[in-house]
Amino acid sequence: MRKRFDKSAEIDAASSLRLASMIRAHEGDYTDEEIVGIDAGKDRLKMFERMKTKNLKTESPSTEAEVAFEDNDSHAWGRATTTVRAEPTEVLAYALDYLKRSDDGVNRVEKSMKVVNDHNRELYARYKSSLISSRDFYSRQLWRKETDGSFILVATPMESEEHPKLPDVVRGRFPLVMKLVEEGEGTKVEYLIQIDFGGSVPAQVTNSYMGRSLTPMMEAMARRLVDEVGWAAKRRLFVGAALSTVDMITDVKVIVEYLNTPGKEAYAYPLMGMVGTCLFLQLLLVFMQTRKAPKAKMAKEMLIVLSGLKPGFDAYQVAKGAEQSAGAVFDPSTELVFTKGFEMVAESIPGCILQFYVLLKTLKDADGANTSSFMSLLISALSTGYSSATATWDYDTSNQRRRDEPEFYGMIPDGVRGNVVFLCMILNSALLLLVRSLSYALLMLVSPA
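Counting of residues starts from 1 at the beginning of each chain's written sequence and follows it residue by residue. Only residues with pLDDT of 70 or above have their local features reported here, since the model is predicted, and side-chain atom pairs are shown and tallied only from 80 upward, although totals for entire chains, interfaces and linings are computed over all residues. Hydrogens and water molecules were not included; the side-chain quantities draw on all heavy atoms of the structure.

## Things to note about the overall build of the chain
Line of reasoning, step 1. A tally of regular secondary structure across the chain gives 13 helices and ten strands.
Line of reasoning, step 2. Here a residue-residue contact requires only that any non-hydrogen atoms of the pair lie within 4.5 Å. In the chain, the share of contacts with a sequence separation of at least 24, taken over all contacts with a separation of at least 6, comes to 61%.
Line of reasoning, step 3. Per element, the accessible surface of the chain, about 24000 Å² overall, is 58% carbon and sulfur. Helical segments are the DSSP runs of H or I of at least four residues, strand segments are the runs of E of at least two, and each set is numbered from the N terminus. In this description, accessible areas are obtained by the Shrake-Rupley approach with a 1.4 Å probe, and a residue is regarded as covered only by the protein chains that are shown.

## Quick word on the environment of Ala 93
Line of reasoning, step 1. Its place among the elements puts Ala 93 in helix α4 (residues 88-96).
Line of reasoning, step 2. Sequence separation between Ala 93 and Ala 13 is 80 residues; the distance between their C-alpha atoms is 9.9 Å.
Line of reasoning, step 3. The contact partners of Ala 93, leaving out residues within four places of it in the chain, are Ser 16, Leu 19, Ala 20 and Ile 23.

## Some details on α4
Spacing of three or four residues puts side chains on the same side of an α-helix, whose turn is 3.6 residues.
Line of reasoning, step 1. With a 1.4 Å probe rolled over the protein chains alone, any residue whose accessible area is under 20% of its type maximum counts as buried; one over 50% counts as exposed, and the rest are partly exposed. Across the nine residues that make up α4, a large majority, nine, are buried.
Line of reasoning, step 2. For α4, the full list of buried residues reads Pro 88, Thr 89, Glu 90, Val 91, Leu 92, Ala 93, Tyr 94, Ala 95 and Leu 96.

## Structural notes on the packing of aromatic side chains
Line of reasoning, step 1. For Phe, Tyr and Trp, where Trp contributes only its six-membered ring, two rings pair if their centres lie within 6.5 Å, and the inter-plane angle classes them as stacked under 30 degrees, edge-to-face over 60, or tilted in between. Counted under the stated rule, the structure contains twelve aromatic pairs.
Line of reasoning, step 2. Summarising the aromatic geometry, the rings of Tyr 124 and Tyr 138 are spaced 6.0 Å apart at their centres and angled 75° between planes, so their arrangement reads as edge-to-face. Taken as a pair, Tyr 124 in strand β5 (residues 120-127) and Tyr 138 in strand β6 (residues 134-145) lie far apart in primary sequence, 14 residues in all. Each member of the pair, Tyr 124 as well as Tyr 138, is classed as buried.
Line of reasoning, step 3. Here the aromatic rings of Trp 393 and Phe 422 are separated by 5.2 Å at their centres, their planes lie at 70°, and the arrangement is edge-to-face. With Trp 393 in helix α11 (residues 371-396) and Phe 422 in helix α13 (residues 416-446), this residue pair connects regions lying 29 residues apart in the sequence.

## Some remarks on the UniProt feature "transmembrane region" (unreviewed entry) in the chain
Line of reasoning, step 1. UniProt positions are given in the numbering used here, feature names are shortened, and annotations may be inferred rather than shown by experiment. UniProt marks residues 268-288 and 420-443 with the feature "transmembrane region" (unreviewed entry), using the numbering shown here.
Line of reasoning, step 2. Taken as a whole, residues 268-288 contains 100% helix and 0% strand, while its terminal C-alpha atoms sit 30 Å from one another.
Line of reasoning, step 3. With 100% helix and 0% strand, the stretch residues 420-443 has end C-alpha atoms that lie 35 Å from each other.

## So, the pairing of strand β2 (residues 64-68)
Line of reasoning, step 1. Counting buried positions over the five residues of β2 gives four, a clear majority of the element.
Line of reasoning, step 2. When DSSP finds two or more bridges between two strands, those strands count as paired. Across four bridges, the pairing between strand β1 (residues 53-56) and β2 is antiparallel. Bridged to Thr 53 within β2 is Ala 68.
Line of reasoning, step 3. Inspection of the sheet shows β2 paired to strand β3 (residues 77-84) by five bridges, in the antiparallel sense. The partner of Ala 68 across the bridge, within β3, is Trp 77.

## Looking at the pattern of salt bridges
Line of reasoning, step 1. Whenever a carboxyl oxygen of Asp or Glu lies within 4 Å of a side-chain nitrogen of Lys or Arg, that contact is scored as a salt bridge. One pass over the full model with this rule turns up 15 salt bridges.
Line of reasoning, step 2. Note that Glu 301 is salt-bridged to Lys 297, the shortest N-O span being 3.2 Å. A residue pair is termed a helical-turn pair when its members lie 3 or 4 positions apart in one helix, as Glu 301 and Lys 297 do in helix α8 (residues 295-306) at four residues.
Line of reasoning, step 3. By relative accessible area, which is 8% here, Glu 301 ends up buried.
Line of reasoning, step 4. Using a relative accessible area of 32% as the deciding quantity, one classes Lys 297 as partly exposed.
Line of reasoning, step 5. Each of Asp 39, Lys 42, Arg 144 and Glu 146 takes part in one network of salt bridges that share partners.

Set out below in structure tokens:
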């Protein structure tokens, strides 16, 4: 019952969203002490580059990890890098959300945060253990946006009268540095950390613990961020779904217009056949996906198809990270690709050709053409162009595909230029569809055979 009504995920996501807004609007001044603290973290990153490192095994191909020792220091430094499908401000907001509920563990007995200003915080946490003495950690957390657009987050151990050392509690050290750089639609995260539990815990034990936990921690953060704040990818999904739905609505409007216009009734039926074929293929897809599921689930999804909301429903399933259902043939992402493909092949492309033919014939007969015909054509072309560009983007920016086949994938550049390329791909596909449809319509005017 508690899990059913638990809203921790929604609360954490809303908190990260507020922090991301604060980061984007931040214009605070930094004291000399704050500047020194952040620059020390940047120097630590440069130091690690000069050290002799040892690679760690990672489960995810998108995550790399390594450890190294600084001279005269028995505690190792670990560094992990990964790419997260979120904006740098969203990743930083997630890291700054110290009081988020998803981090509450059974061993933590106290957690507090003192906000000095928007870029300066003091963090405290205390943990109990049945094997060793309790531990607490106290650090100052600073962040800053650099002139090149990247972000630096530094946490440095500190002491203060507000949190003095407690009897029977050993104070540990947990210095870390995080650098966030925008890459394409995602963020490259570089995470540098050293763990010192203090007391009687040998450095070898601490180093082993850090090596085992470093990569799972990074991978878990990447998964949570995709679920909570992958707004850029989700926006792309929902924009595509909205275009598909609007395309369906405009096609229905054109069908009604043809049926109510003398001399155009015959054109309504093939257009109805195209929309019907698209819906039939989507219904067939739903049947394949839900044939082993309860009948109520199948009926519900078929009603969604008939309402024209199938693209939006599939986009929502992908955006929330839904897994493949038991008995389903495809995962949600593949199902969305098929849904969009059916629309392009059965409705958008042939619909463009037919509507162009009717439009040209209307202009030829000097009857004039109304706005709805032009709008329907443009929406169909944009919807097809958007779907085509999105499929290309998802394949080309896949970290694993770029790693496995670097000579084939990787044409889309990082940063703002990547968004410009994405826009050009949409326009290129849309204009190509319009030109080809116009060509076919002209041929039909000359000789329908």
